[in-house]
Amino acid sequence: MGLFQRSVGGYIPEGSWIIAFVIAVLINTYSHYVFTSLTAHISAMFVAFSAIAISAGAPPMLTLLMIAFTSNLCMSLTHYAAGPSPVIFNTGYVPQNAWWKLGFFSSVINLIIFVGLGSIWMKAIGMW
């Protein structure tokens, strides 16, 4: 995972913490497609992407909370993302392609709500 973190860190432009923050949150969210365990995903990615965004100048409280939120919101992305997902998937009510499409759609809505509106709200109440 160190190679992945170093290579992603190399693509984040310097000078704008907002771009670094958004890229770190997006990659943290969508990299869950390659993890079969939520615990492994959070363990491997949380510190690395938080450090990348914070070192670019992103507010620490905003960064840590958004990475934490999106680490948990990605549980609906795939049929293997969290403990209950395989049980629900194996009932056969939702085909895999539908699960992935709906998971991606819900992740976009969650990102708009949490990162978009949530960041504005956190700024309004003085958290960063």
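Each remark here, short or long, concerns the structure printed above.
Anyway, here's the lowdown on the structure attached to this text.

What counts, and at which threshold
- Residues numbered from 1 in each chain as written.
- Predicted model: local features only at pLDDT ≥ 70, side-chain atom pairs only at ≥ 80, totals over all residues.
- Heavy atoms only, no water.
- Core = buried A, V, L, I, M, F, W, Y, C linked by side-chain atoms within 4.5 Å.
- Buried < 20%, exposed > 50% of the residue type's maximum accessible area, 1.4 Å probe, protein only.
- Helix = DSSP H or I, 4+ residues; strand = E, 2+ residues; numbered from the N terminus.
- Contact = heavy atoms within 4.5 Å.
- 1 Å grid on protein atoms, 1.4 Å probe; cavity = no way out; pocket = protein on both sides within 12 Å on 5 of 7 lines; lining within 4 Å.
- Points joined across faces, edges and corners; volume = space filled by probe spheres on them.
- Expected span 1.5 Å × (residues − 1).
- Arc of directions from axis to C-beta.

### Digging into the nonpolar core
Alright, step 1. Within the largest apolar cluster, 16 residues are counted, with the highest numbers of intra-cluster contacts made by Phe-21, Val-25, Met-45, Phe-49, Leu-62, Met-66 and Val-115.
Alright, step 2. Of the residues forming this core, the biggest block, five residues, is contributed by helix H3 (residues 38-55).
Alright, step 3. Beyond its immediate chain neighbours, meaning those up to four positions away, Val-25 contacts Met-66, Ile-67, Thr-70, Leu-111 and Val-115.

### Let's talk about empty space enclosed by the protein
Alright, step 1. Using the criterion set out here, one finds one cavity of 30 Å³ or more in the structure.
Alright, step 2. Estimated volume of the largest cavity: approximately 40 Å³.
Alright, step 3. In this structure, the largest cavity is lined by Thr-29, Thr-70, Leu-73, Cys-74, Ser-107, Asn-110 and Leu-111.
Alright, step 4. Contributions of two or more residues to the lining of the largest cavity are made by helix H4 (60-73) and helix H6 (96-124).

### Concerning the environment of Thr-70
Alright, step 1. In this fold, Thr-70 is placed in helix H4.
Alright, step 2. Linking Thr-70 and Val-115, residues 45 residues apart in sequence, is a C-alpha distance of 8.6 Å.
Alright, step 3. Setting aside chain neighbours within four positions, we find Thr-70 in contact with Val-25, Asn-28, Thr-29, Leu-111 and Val-115.

### Overview of H4
Alright, step 1. The first and last C-alpha atoms of H4 sit 20 Å apart over 14 residues, in line with the 20 Å expected at 1.5 Å per residue.
Alright, step 2. Three or more residues of H4 are buried, namely Leu-62, Thr-63, Met-66, Ile-67, Thr-70 and Ser-71. End-on view of H4: buried residues confined to an arc of 150°, all on one side of the axis.
Alright, step 3. Buried residues belonging to H4 abut helix H2 (17-30), H3 and H6.

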